[in-house]
Each structure stands twice: as structure tokens, then as C-alpha cells.
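Letter by letter, the chains look like this.
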Amino acid sequence: MPNTFDSDDTRSLMRTKTLTMNSSSYLDGLNDDQRAAVESLEGPLLVLAGAGTGKTRVLTTRLAHIIHTGNASPSQLLAVTFTNKAARQMIDRVGNLLGHSVDGLWLGTFHSVAVRILRMHAEIVGLKSNFTILDTDDQTRLLKQLLQARNVDEKRWPARNLCTMIQRWKDRGLTPKQVENIDFGDFANGEAYLIFREYQERLRVLNAVDFGDLLTHCITLFQNETDILSNFHKRFRYILVDEYQDTNIAQYLWLRLLAGTGQQNICCVGDDDQSIYGWRGAEVGNILRFEKDFPGAEIIRLEQNYRSSGNILAAASGLIEKNVGRLGKTLWTDDDLGHPVVVTGNWDGEEEARAIGIAIEEKFHAGSSLNEFAILVRASFQTRAFEERFLSIGLPYRVIGGPRFYERQEIRDAIAYIRVLIQPDDDLAFERILNVPKRGLGDASQQIIHQLARSSQISLHQASRIIIGTDELKSAARNSLSQFLENFERWRSELDEKPHWEILEVIMDESGYTSMWQADKSPQAPGRLENIKELISAIEDFESFSAFIEHVSLVMDRENGREGGVQNRFSRGQATKQNDMVNIMTLHSAKGLEFDTVFLPGWEEGLFPHQLALDEKGSEGLEEERRLAYVGLTRARKEAQILFAANRRVYNQWISAIPSRFIDDLPVDNIITNSLIKNHPKLYEKTSYSHYTQDSITLVSKDSRNDLNVLWEEEKPVKNRNSGSRFKTNDRVVHRKFGVGRVSKVDGEKLDIIFDRVGIKKVVDRFVEPEK
DNA sequence: ACTAAACTATTTTTT
DNA sequence: ATAGTTTAGT
């Protein structure tokens with residue numbers, strides 16, 4: 001991984017590299033605030049660390065400082081992060097600072113620390129310590145069964161929705177009983193809380209927990225067993241929390257219980273302006289409330305930014321100031337003003353991709369490394385336009401994020417085989433693979449097994465064993481089931497003889513799973529076989545199957561992501577390194593990273609701020625979107641470019657859009673809006689991005705789009721965005737490009753129009769005229 | 001029981 | 001557009 005991926009502030013990172021362990025020289029080079037945050041050890045402390053102010057450095061130095069000064073031994077330190085990546089990084093950096101690796105630290109994600117605690121005391125919450133951890137897929141399948149059992153209309157109330165509902169409840173630390181008294185809408189005829197209760201009962205029977213349970217069970221444990229809790233109090237002298245603004249209520253309760261009242265010292269680091277996970281239960285309120293929650297708390301603000309040049313920082317600060325209800329920070333930098341932020345409009349999404357491609361190629365040929373470019377998008381579908389464009393011009397890129405390796409169907413199947421192997425009573429896994437590959441055990445057979453299992457309160461596996469001794473199944477099905485069970489017996493007996501990865505290979509072969517994909521002629525089948533191979537080799541790194549299972553359920557690491565582009569075309573010249581690629585990712589996954597040049601495409605109303613965010617959370621949602629914009633801008637060191645398109649294809653439909661209101665939020669002094677783009681939209685003509693100076697942009701190439709220019713010239717002055725449309729349903733209208741049509745729906749100034757020639761389109765009011 | 005065709009929902013972000 | 005799911009046909 002290139003340097004940029006190690007996040008945070010590269011410049012301060014480089015300073016730390018020269019340090020040695022001999023003295024407390026790790027303190028050198030910290031500014032006053034940073035140093036105070038490291039050395040203020042007693043009592044609750046909130047470090048408000050703005051973007052690029054050296055947050056991670058403070059956290060890791062603080063850990064190193066506590067250990068180095070002997071204030072506490074590593075095992076008395078608890079440090080929690082949100083991502084495994086952050087946790088790994090922190091361990092590494094602490095080791096670097098101290099000059100030796102550190103053992104015994106309780107450092108990990110909220111969930112991995114919770115598992116560790118829960119495995120120690122599982123019986124208290126009614127579990128066995130070898131409980132399994134379910135993922136969303138398992139949860140949804142389970143919920144689906146429960147919904148079916150209640151004859152709930154799954155079209156109307158899908159299991160997926162209930163799954164998120166339950167997750168959100170657990171984020172808030174709610175039990176089924178508490179949910180009874182809150183308003184959850186009419187889901188499942190108002191019976192959602194009953195299903196929630198049944199679901200929890202099922203989990204207990206299955207000796208399983210979901211992600212949310214890891215925290216809520218811990219909370220129950222702490223609340224009911226004061227002895228155990230006070231042991232943890234004695235153990236953890238110092239608690240450190242990263243990204244505090246992203247904690248949900250359950251995590252907050254968990255922390256408060258662990259932090260106790262007296263002797264411990266809790267230090268939370270975060271930035272309310274970078275809270276972007278409200279949609280999955282995070283509560284900015286936690287960080288805003290810190291002083292009340294922890295009386296006598298000290299608050300240290302880190303405001304010197306070491307990352308971005310002046311204009312970028314000012315633009316970002318001006319933007320975020322439009323939010324109300326923030327703790328408030330004033331970021332500043334010693335750096336020059338640098339480039340202003342460039343805001344440019346394009347005709348459509350494809351042109352946007354083309355423009356960014358051109359800009360990157362030019363800078364690349366001028367000597368920039370591709371790793372130093374990032375394209376940060378709001379929604380993952382936006383990456384496609386860039387991938388297509390970059391593939392066609394042979395510009396190497398990588399997409400960070402995307403589907404996770406362990407969530408792929410074939411990987412989950414293989415894991416289900418492992419789960420049944422080591423834990424035959426794991427019903428969810430058993431069910432998943434019983435007829436995968438097809439072995440003649442369809443609905444009817446499964447029904448019979450299920451029935452017996454339910455009526456006798458035994459697992460599917462046990463029920464199957466009984467059933468093969470009866471004639472309840474037709475002989476073909478019975479033989480097949482018996483073969484299936486025998487196979488597992490045999491594989492299990494080989495566990496001691498062969499290394500586990502070989503057993504997995506044997507299972508995949510002998511179960512027919514491999515041949516199933518070999519026989520499959522769909523284009524993705526070879527890839528799936530590849531993935532299975534990759535899994536087999538990945539598993540070699542683990543001591544045992546169970547160690548591996550624990551890893552996959554907790555460390556939901558992503559694969560490296562897609563890579564594309566033609567290497568050769570760019571291979572000449574000394575600037576090209578093997579892994580030199582443009583980075584494409586969502587704004588969310590960009591948090592914590594930084595790049596020289598950042599492109600922020602798709603700044604259009606509806607996409608960014610995203611319509612769903614506004615619909616679901618109103619002004620709160622808008623503010624979170626704005627924070628996301630802030631996060632995006634502050635990723636840039638030297639250059640940031642914001643782009644918007646007048647038209648975009650979304651689910652195979654063309655949508656016309658207006659520029660994001662966030663563009664209006666940017667202070668005019670720090671940006672180039674290409675002069676009059678918004679008032680004279682004919683400047684939507686293609687512009688070149690690379691020939692500007694600080695004061696002006698030179699328009700270089702023009703597209704032959706005269707017809708479009710006419711369209712723009714006729715535009716009415718932009719009205720207040722929230723005002724409604726001039727049109728009402730059934731009005732006849734004319735569109736420059738789409739012809740005549742009839743309005744079928746009016747939503748603010750957005751219209752659905754059924755055009756006579758081209759069918760239904762979404763169009764903004766001012767693009768159409770009344771039919772004469 | 002399996003397969004193919006038809007239909008449908010789904011596209012914000014993820015520990 | 002695509003993937004996933006349901007349905008009807010073999």
C-alpha cells in the first residue's frame with residue numbers, strides 16, 4: 001500500500017519516523033495542543049481533532065506515553081476503534097513509537113473487544129462460550145422464516161427491512177420489551193416487536209448472536225454482574241476511544257459502564273464535523289454531550305491543520321459553518337493558499353468522467369503519481385462511469401470498497417460447510433448447504449426434517465440422523481441425505497490426520513461443490529472457483545477452522561477491490577510504478593485518507609445531498625450530507641475539484657439535475673466557479689481543467705453541442721429550489737430534447753413526464769415549457 | 001425436483 | 001441494467 005493509505009497526516013508521520021525509543025523523544029514535534037492531549041492523563045478528556053490535525057498521532061503517542069512512563073501496563077489499557085484497519089494501524093504505530101512491539105494491549109474494534117469479553121462470561125447471558133456470530137445474511141434468513149411462520153406478507157414487509165429495524169433497535173440498546181413501547185410503525189401489522197422477541201429466542205436456542213448482540217449482551221452482563229464489571233474497572237486504568245462521533249447509543253452505554261465512575265481515565269477522540277454514520281445508528285449527540293456525561297471533563301481542540309493548503313481548508317471550513325449545532329472549531333494552517341477549489345459543470349455523467357480522465361492524464365504526464373489522485377463519489381453506482389472511461393483510455397485505477405470477499409455466495413457456502421463440520425448443530429449453516437450443490441433434497445424433504453426438528457426440539461442435523469433411519473423420505477432423498485451425513489462423518493474423522501486447508505479442499509471436491517461451478521457455464525463461474533481457491537489458501541494462515549471462523553465473522557476485511565486499466569501504456573518513464581493507480585471510492589470509505597488531488601464529482605441535488613438522506617432525516621440528514629462534503633474536501637492536500645452534471649443516467653433513466661446547494665455554501669473567495677456557470681449555464685460547455693491559473697480559467701476545447709447551448713440560454717432565472725412547479729399533473733409540456741409529453745407526477749420542481757416519443761422521464765421544471 | 005422464463009425490486013453509506 | 005426471486009412448465 002502506498003503511503004497515502006496509511007491515513008492521517010503524512011508530514012507528522014514522517015517526523016515520527018526519525019524518533020527512537022531512547023527518551024521521551026516521541027513528544028518532539030508535537031504542537032502544544034497535541035502535546036497537552038498526550039500528557040493530560042488524569043480524568044475524562046475529549047480531544048476534538050479537526051480533519052488533518054494529527055488525531056491518530058495523538059492517540060498513538062498517548063498510548064505510547066502511558067506505557068513508556070509506566071503509568072499503566074499494556075494490559076491495563078483499553079483502546080477501541082471502529083475498523084480493524086484503524087486498530088492494526090494503531091498497534092503498528094505504537095510499536096514504532098516505543099521501538100518494540102506491545103503485547104497484552106486490549107486494542108481492537110468495539111465488536112472484537114466485546115466478543116472477547118462475552119466469550120469469557122457467555123453463560124451469564126444464556127450462551128455457551130463457543131457461540132456463533134451471525135451476519136446480515138443469516139439474520140435475514142432467520143427473520144424470513146419467522147415472518148413466514150406468522151403469515152406476514154413479505155412483499156409488504158420484507159425480512160431485510162425488519163433486519164435493519166432490529167439492528168437499529170440494538171444500536172440503541174433496546175430489548176424486545178422496550179421496543180413494545182416505542183413507535184415502530186405498522187410493520188408486520190404492528191407485530192414487529194413480537195418477531196423481535198421470537199428472533200432473540202431463536203438466537204439463544206441456536207447459541208448464536210448477531211452483531212448488535214455483541215454489545216447489548218455485554219451491557220446486560222455489566223448491568224447484572226457488578227463483580228465482573230468492577231473487575232474490568234480495576235483492569236482498565238485508561239480507556240481510549242477513536243472516532244467518538246461515530247458511536248451509537250449501545251456503544252456509548254458500553255463505554256460508560258466500562259468507564260465506571262471513579263478511577264478510570266477515559267479519553268475520547270473525535271470530530272463532530274466528521275460524523276457521517278448517523279444512518280446506521282451513530283449519535284453525534286454522544287460527542288456533543290461529552291461534558292455533561294463526564295463532569296469535569298477537559299476538552300482539547302486540535303485546530304492546526306497539517307494537510308490541506310489554505311484555499312481548500314477555507315472552503316471546507318466555510319461549508320461546514322453552515323451546519324448548526326456543532327461544537328465549533330477554527331482550523332488554520334501555516335500552508336500557502338495554494339490552488340483554489342475548482343467548481344465545474346458538465347453536460348452529463350460521461351462527460352464528467354471524460355473531463356476527470358483528461359485532467360489526471362495531463363497531471364500524470366507532468367510527473368504526478370496516480371496514487372495521489374482520488375475520485376470520491378457519493379454513491380457506489382457512480383464508480384461505473386469512471387471505470388468505463390478509464391478502461392477505455394487505459395488509465396490504471398483501483399476501486400476501494402465494493403463487495404466484500406467473505407460475503408460472496410461461494411465463500412459463504414464454503415464457510416457453511418466448515419461450520420457444519422465443526423459444529424453440526426449449526427442449523428443456519430446446515431440449512432444453507434443441505435441442497436447446495438443440488439442433491440435431491442428440495443422443499444419437501446427439508447420440510448420433513450424441519451418438522452421433526454421443531455417438534456422434538458433438536459437440531460436439523462440430529463433430526464436428519466433420525467430420519468434416515470425411518471421411511472419418511474422417499475428412498476432417493478433418504479439415500480442422498482444419508483450420504484450427505486456420512487460425508488461429514490468422514491471429513492470430521494480426517495480432522496486430526498490432515499491439515500485443515502486440505503480438508504476444506506477435500507470437502508469442496510467430494511461434496512460436489514467444485515464440480516457444480518465447473519459445470520456452470522455462466523461467466524462468473526470461473527471467478528467463483530478462483531475465490532474458493534483463494535479461500536483455501538487464505539485458511540492456511542489460521543491455526544484451525546474455528547480460529548478462521550472467528551476471523552471472518554469479526555474481521556470483515558475487504559478484498560483489495562477491483563483494479564483496471566492498461567498498464568503498458570503508462571509504463572514508460574520513471575514516474576510509473578507498478579501499483580500506481582488512481583483511487584476511486586465512496587466518500588464514506590475515504591474518511592481517514594488523504595491525497596494530493598481530490599475530485600468530487602456528482603455534486604447535484606438529489607445525489608449529493610442524497611434524496612434519501614433528506615427524506616429520511618430531514619435537516620439532520622442534510623447536515624450529515626454536508627459533513628460528508630466536508631470530509632471529502634478535507635481529504636485533499638493540494639487540489640480539490642468539485643464537479644456537477646446537468647444530466648445523469650440513473651437506473652437506466654436520464655435525470656436532469658441542478659447543482660448541489662453545497663456549492664452555494666462554499667466561500668467565493670476560495671473557489672473558482674468558472675465565473676458564471678450558474679447564471680450563464682452555457683458555460684456548461686466542456687472546459688479543460690488543467691490550464692487555469694489562480695485567477696482564471698481558460699476554456700480550451702469546446703464540444704459541438706450548439707443545440708444544448710440554446711437550451712441553456714432559454715433558461716429561466718433559477719427560482720427558489722423548494723418552491724413547487726409551474727406545472728400540475730396532466731399538463732402538456734414540451735422538452736427541447738424529448739419532445740412533447742404529459743406530466744404524470746409533480747414533486748416540488750421535479751416532474752415525471754410521459755413523453756410521446758421517449759416514454760417516462762424525470763425532468764426538472766425549468767427544462768420544459770407549456771405546450772402551445 | 002429441477003429448470004427456464006417471468007417478474008421484481010434495487011441501487012447511500014457498513015462495523 | 002442487473003441481480004435476485006418467484007412462478008410455471010418439464
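Here we summarise the structure given alongside this text. (Residues numbered from 1 in each chain as written. Chains lettered and ligands numbered in written order. Predicted model: local features only at pLDDT ≥ 70, side-chain atom pairs only at ≥ 80, totals over all residues. Heavy atoms only, no water.)

Focus: the overall build of chain A
Phase 1: Summing up its helical and strand segments, chain A has 31 helices and 22 strands in all.
Phase 2: Here chain A holds 772 residues, and the buried ones make up 56% of them.
Phase 3: At a minimum sequence separation of 6, the contacts of chain A that also span at least 24 residues come to 75%.
Phase 4: Accessible area for chain A stands at about 33900 Å²; split by element, carbon and sulfur atoms hold 48% of it. (Helix = DSSP H or I, 4+ residues; strand = E, 2+ residues; numbered from the N terminus. Buried < 20%, exposed > 50% of the residue type's maximum accessible area, 1.4 Å probe, protein only. Contact = heavy atoms within 4.5 Å. Areas by Shrake-Rupley, 256 points an atom, 1.4 Å probe, with all protein chains shown as cover.)

As for the packing of helix α12 (residues 226-235) against helix α13 (residues 249-259)
Phase 1: Where α12 contacts α13, the axes come no closer than 8 Å and their chain directions differ by 75°. The angle between α12 and α13 places the two elements in the roughly perpendicular class. In contact with Leu 229, Phe 232 and His 233 of α12, α13 contributes Leu 257, Leu 258 and Ala 259.
Phase 2: In terms of residue class, the contact of α12 with α13 is made up of five nonpolar, one polar and no charged. (Axes fitted to C-alpha atoms, helices over the stretch in contact; angles between N-to-C directions. Parallel < 35°, antiparallel > 145°, perpendicular 65-115°, else oblique. Nonpolar A, V, L, I, M, F, W, Y, C, P; charged D, E, K, R; others polar.)

Some thoughts on the pairing of strand β15 (residues 636-650)
Phase 1: Along β15, 13 of the 15 residues are buried, which leaves the element largely enclosed by surrounding structure.
Phase 2: Bridging between strand β14 (residues 595-600) and β15 involves five bridges; their strand directions are parallel. Bridge pairing links Phe 599 to Gln 641 in β15.
Phase 3: In the sheet, β15 pairs with strand β16 (residues 653-656) via four bridges, with the strands oriented antiparallel. Paired with Arg 648 across the bridge in β16 is Ile 655.
Phase 4: Counting the residues in the hairpin turn of β15 and β16 gives two residues, including Tyr 651, whose phi is positive at 35°. (Pairing = 2+ DSSP bridges.)

Here's the deal with the pattern of salt bridges
Phase 1: Scanning the entire structure with this criterion turns up 44 salt bridges.
Phase 2: Ionic pairing is found between Glu 191 and Arg 150, a salt bridge with its closest N-O pair at 3.2 Å. Taken together, the positions of Glu 191 in the loop between α9 (187-190) and α10 (192-206) and Arg 150 in the loop between α6 (136-149) and α7 (159-171) put the pair 41 residues apart, joining distant regions of the chain.
Phase 3: What makes Arg 150 partly exposed here is its relative accessible area of 27%.
Phase 4: Across the salt bridge formed by Glu 625 and Arg 378, the nearest N and O atoms sit 2.7 Å from each other. Placement of Glu 625 in helix α29 (residues 611-633) and of Arg 378 in the loop between β10 (373-377) and α18 (383-393) is noted, with a sequence separation of 247 residues between them.
Phase 5: When its relative accessible area of 3% is taken as the criterion, Glu 625 is described as buried.
Phase 6: On the basis of relative accessibility, which here comes to 17%, the residue Arg 378 falls in the buried class.
Phase 7: Connected through shared salt-bridge partners, Asp 135, Asp 137, Asp 138, Arg 412, Asp 413, Arg 419, Asp 426 and Arg 432 make up one network. (Salt bridge = Lys/Arg side-chain N within 4 Å of Asp/Glu carboxyl O.)

Topic: the protein's contact with DNA strand B
Phase 1: Surveying the vicinity of DNA strand B reveals 26 residues, the closest of which are Phe 82, Arg 280, Arg 378, Ser 380 and Tyr 651.
Phase 2: Taking all atoms of DNA strand B within 4 Å of the protein, the share assigned to sugar and phosphate is 56%.
Phase 3: One of the backbone N or O atoms of Ala 444 is found 3.2 Å from a phosphate oxygen in DNA strand B.
Phase 4: One nitrogen or oxygen atom from the side chain of Glu 616 is found 3.3 Å from a base oxygen belonging to DNA strand B. (Near = heavy atom within 4 Å. Polar contact = N/O pair within 3.5 Å; in protein donor to acceptor, adjacent residues only side chain to side chain.)

What about a negative patch on the surface?
Phase 1: A contiguous patch of negative charge on the surface is contributed by Glu 502, Glu 505, Asp 509, Glu 540 and Asp 541.
Phase 2: Looking at where Asp 509 falls in the secondary structure, it is placed in helix α24 (residues 500-510).
Phase 3: A relative accessible area of 47% places Asp 509 in the partly exposed class. (Patch = residues over 30% accessible without salt bridge, like charges linked within 9 Å, V, L, I, M, F, W, Y side chains within 5 Å. Lys, Arg positive; Asp, Glu negative; His and termini not counted. Charge placed at Lys NZ, Arg CZ, Asp CG, Glu CD.)

Focus: helix α2 (residues 32-39)
Phase 1: Among all positions of α2, only Gln 34, Ala 37 and Val 38 are buried. Taken end-on, α2 shows its buried residues confined to a sector of 100°, consistent with a single buried face.
Phase 2: For α2, the capping residue at the N-terminal end is Asn 31, with a side-chain oxygen 3.1 Å from the backbone nitrogen of Asp 33. (Arc of directions from axis to C-beta.)

Some details on the packing of aromatic side chains
Phase 1: Counted under the stated rule, the structure contains 24 aromatic pairs.
Phase 2: Ring centres of Trp 603 and Phe 662 lie 6.3 Å apart, and the angle between their planes is 80°; this geometry places the pair in the edge-to-face category. Taken together, the residues Trp 603 in the loop between β14 and α29 and Phe 662 in helix α30 (residues 661-665) connect sequence positions 59 residues apart. Considered together, Trp 603 and Phe 662 belong to a single accessibility category, that of buried residues.
Phase 3: Each member of the aromatic cluster is reached from another via a ring pair, and the members are Tyr 417, Phe 430, Phe 484, Phe 488, Trp 491, Tyr 513 and Trp 517.
Phase 4: Its end group placed over the ring of Phe 131, Arg 119 keeps NZ or CZ at 4.1 Å from the ring centre.
Phase 5: Above the plane of the ring of Tyr 252 lies Arg 289, whose end atom (NZ or CZ) is 4.7 Å from the centre. (Phe/Tyr/Trp six-rings, centres within 6.5 Å; stacked < 30°, edge-to-face > 60°. Lys NZ or Arg CZ within 6 Å of the ring centre and 35° of its normal.)

Structural measurements only, silent on function.
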